[in-house]
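# An overview of the molecular structure
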Amino acid sequence: MRAESPGPQHEWLDAAAGPVVRPYTLTGGRVRPPVDGFDLVAFVLTVPGADPTGVPGLQPEHRRLVDLARRPVAVADLAADLDLAVGVVRVLLGDLLARGLVTVRRPPAAAHLPDDNILKAVVSGLRAL
Amino acid sequence: MDSVRFDREPAAPRVPLALKILIAGGFGAGKTTLVSALSEVRPLQTEEVLTGAGIGTDDVSGVEQKSTTTVAMDFGRITINDDLQVYLFGTPGQDRFWFLWDELAFGALGAVVLADTRRLADCFPSIDYFEQRGIPFVVGVNCFDGSRKFSLEAVRDALDLDPDVPLVLCDARDRQSGKLVLISLVEHVARQRGEPVPVG
């Protein structure tokens, strides 16, 4: 996925920005998933019994996602597990969602942040680390 | 916790609630170090892809070779219990990646702004960002070896912090120290809702 270092002529591209990549080859150039909602901490769960074998249009990466999400797993973790950019994983997950192979559980919006009991659990959990 | 369960399929595994905490601060302030020190898993990195063609581009076929790049994002995870996980996301350290912050900040519980007293001004943009959006934050003064020691009051004055924003000393390399910074953040969030979290 990584290529040579970018030239100096692009303001976006330098050592700090990272290498030039061609990550969206995997998605056929698509940048946006067909649906929104794949927050970094949204959980993805494969539909029980889902079998991607023989489903047309899926790449090996799609199948890996289906396998990884047999247990609930966050979008950020999936991106790290597959060593793919989050944007790419979102597009692939959108494909899976559109085919009914996975479900996604969005995190609550800021207006519904956790109640005090949850905050207390976080504090005691952190203290116990 | 019923609201966070996946309850349509009785046999389906429970989906944990994931809380998002941002680790911000200037370039080199210790964000990556802090995330690594706190995460229970190997330091994870994922990437967000930028398209130089512009935000809002739907298709990068044919242009990716010269106009896409990636920004590495550190993240870490702390499992509190079966139903609750804390995700830490280090924010991109450079101003030109601000737009990534909006996604990172969406739904975030709060933020830790790491300050390096040698380059205090580097954390001003982070503080401005969270103040403007009403996202609760604490400031952790990362005590680097050999950095000049300032009093917390002097740092607070220099940062022009609101009196209720916690300001704590920390060592980003040390898990226990980082843990205390997170605790002060969660307590701050709870206080902002008007109910203190009992010590214990």
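Residues numbered from 1 in each chain as written. Chains lettered and ligands numbered in written order. Predicted model: local features only at pLDDT ≥ 70, side-chain atom pairs only at ≥ 80, totals over all residues.

### With respect to the pairing of strand S1 (residues 17-25) of chain B
All names here are of chain B.
- S1 sits mainly inside the fold: nine of its nine residues count as buried.
- Taking every second residue as pointing to the same face, both faces of S1 are buried, with Leu 17, Leu 19, Ile 21, Ile 23 and Gly 25 on one and Ala 18, Lys 20, Leu 22 and Ala 24 on the other.
- Both S1 and strand S4 (residues 84-90) contribute to a ladder of seven bridges, which runs parallel. Paired with Leu 17 across the strands is Leu 84, a residue of S4.
- By the bridge criterion, five bridges tie S1 to strand S5 (residues 110-116) in an arrangement that is parallel. (Buried ≥ 20, exposed ≤ 12 C-beta atoms within 10 Å, placed from the backbone. Helix = DSSP H or I, 4+ residues; strand = E, 2+ residues; numbered from the N terminus. Pairing = 2+ DSSP bridges.)

### Comments concerning the sheet that holds strand S3 (residues 102-105) of chain A
Residues and elements named next belong to chain A.
- As summarised here, the arrangement of the three strands in space is S2-S1-S3, forming an open sheet in which the pairing is antiparallel. The sheet terminates laterally at strand S2 (73-74) and S3, the two strands that pair on one side only.
- Summarising the sheet, strand S1 (residues 43-46) and S2 pair through two bridges and their orientation is antiparallel. Counted as the bridge partner of Phe 43 is Ala 74 from S2.

### Examining the confidence of the model for chain A
- For chain A, per-residue confidence averages 81 on the pLDDT scale, and 74% of positions sit at 70 or higher.
- Scored below 50 in pLDDT, residues 1-9 of chain A shows 13 contacts in the model against residues more than four places distant or in partner chains. (pLDDT = per-residue confidence, 0-100. Contact = placed C-beta atoms within 7 Å.)

### Let's talk about the packing of helix H4 (residues 116-127) of chain A against helix H6 (residues 175-192) of chain B
- One way to put it is that H4(A) packs onto H6(B) with a least axis distance of 10 Å and a crossing angle of 165°. Taken together, the axes of H4(A) and H6(B) lie roughly antiparallel to each other. The element H4(A) and its partner H6(B) pack so that their crossing is left-handed. Together, Asp116(A), Leu119(A), Val122(A), Val123(A), Leu126(A) and Arg127(A) of H4(A) and Lys179(B), Leu182(B), Ile183(B), Val186(B), Glu187(B), Val189(B) and Ala190(B) of H6(B) make up the contact between the two elements. (Axes fitted to C-alpha atoms, helices over the stretch in contact; angles between N-to-C directions. Parallel < 35°, antiparallel > 145°, perpendicular 65-115°, else oblique. Left-handed = near helix turned anticlockwise from the far one by under 90°.)

### Quick word on helix H1 (residues 31-38) of chain B
- Burial of H1(B) is extensive: seven of the eight residues sit out of reach of the surface.
- Restricting attention to buried positions, one finds in H1(B) the residues Lys31(B), Thr33(B), Leu34(B), Val35(B), Ser36(B), Ala37(B) and Leu38(B).

### Details of the nonpolar core
- Counting 84 residues, the largest nonpolar core has Val75(A), Ala76(A), Ile21(B), Tyr87(B), Val112(B) and Val113(B) as its most contacted members.
- If we ignore the near neighbours within four places in the chain, the residues touching Val112(B) are Ile21(B), Ile23(B), Ala24(B), Phe137(B), Val138(B), Gly140(B), Val181(B) and Leu185(B). (Core = buried A, V, L, I, M, F, W, Y, C linked by C-beta atoms within 7 Å.)

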